[in-house]
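Architecture and fold: a report
Spelled out from the first residue to the last, the chains are:
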Amino acid sequence: MNRPGPDSPDQSANKDDDAVWLDLVARLESMPSSPLDEPRLAEELPKDPGTEPGPGPDAVPGTSTSRSFQDFDPLGLARRGAADKPVEDEGSGATGPRDFDVEDEGGFVPEDPPSLAGTEPLTMLAWLGAVGGPVALLFTAMFWRSAPLLAVMGILAAFLASVVYLIMKLPQEKDENDDGARV
């Protein structure tokens, strides 16, 4: 493969791109990063981006090494005045939402669910058919590929009968005083 020479049109386009990039970076650095920042004047920007000392040959020209990652504050939260700081309660010493102790004052304790032993047997059988029917069809399709049609139709009939029974057991009339807030 042939590499383009240093004077080829492609290389000069790269030099133009670098100049445009440096100009864009300089303009963006002069803009305020938040409404609380004061705009930097163009006189404060370095005149020659190559004259600033950098960390090494891989450093981006025009970048300053005096700013660290901790100085990065795009929202301007570090520059807030003392009037904007939240007032702390001196008595508790708590400063944030996770600094408070959990106090159990006898809050909501849900009641125990009813035992399955007291369930009507036909309802329990219907639930087993409604949940077990699709599972049985899945296992039949995976492990018993030569199942007779009568067995598959029996599983399907048991599933449909179970679902119909459970739907028929639903309440028929709506309570007019129920606002739907209770589960």
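To continue, consider the overall build of the protein. Along the protein, the regular secondary structure elements total three helices and zero strands. Along the chain direction, N to C, the helices and strands of the protein fall in the order α-α-α. Out of the 183 residues belonging to the protein, those deemed buried represent 10%. For the protein, contacts bridging at least 24 residues in sequence account for 48% of all contacts bridging at least 6.

A few words on the packing of helix H2 (residues 121-143) against helix H3 (residues 149-168). Contact geometry for H2 and H3: axes closest at 8 Å, N-to-C directions at 145°. H3 is crossed by H2, and the crossing has left-handed handedness. Judged by residue contacts, Leu 122, Thr 123, Leu 125, Ala 126, Trp 127, Gly 129, Ala 130, Gly 133, Pro 134, Ala 136, Leu 137 and Thr 140 of H2 engage Val 152, Ile 155, Leu 156, Phe 159, Ser 162, Val 163, Tyr 165 and Leu 166 from H3. Counted by class, the contact of H2 with H3 contains 15 nonpolar, five polar and no charged residues.

Let us look at the pattern of salt bridges. Summed over the entire model, instances satisfying the criterion amount to two salt bridges. Here Arg 27 and Asp 23 are joined by a salt bridge, their closest N and O atoms 3.3 Å apart. Of this pair, Arg 27 and Asp 23 both sit in helix H1 (residues 9-30), four residues apart, roughly one helical turn. On the accessibility criterion, Arg 27 (48% relative accessible area) is partly exposed. Its salt-bridge partner being Lys 169, residue Glu 120 comes within 3.2 Å of it at the nearest N-O pair. Linking Glu 120 in the loop between H1 and H2 with Lys 169 in the segment after H3, this pair joins segments that are 49 residues apart in sequence.

Reading the values: the criteria
- Residues numbered from 1 in each chain as written.
- Predicted model: local features only at pLDDT ≥ 70, side-chain atom pairs only at ≥ 80, totals over all residues.
- Heavy atoms only, no water.
- Helix = DSSP H or I, 4+ residues; strand = E, 2+ residues; numbered from the N terminus.
- Buried < 20%, exposed > 50% of the residue type's maximum accessible area, 1.4 Å probe, protein only.
- Contact = heavy atoms within 4.5 Å.
- Axes fitted to C-alpha atoms, helices over the stretch in contact; angles between N-to-C directions.
- Left-handed = near helix turned anticlockwise from the far one by under 90°.
- Nonpolar A, V, L, I, M, F, W, Y, C, P; charged D, E, K, R; others polar.
- Salt bridge = Lys/Arg side-chain N within 4 Å of Asp/Glu carboxyl O.

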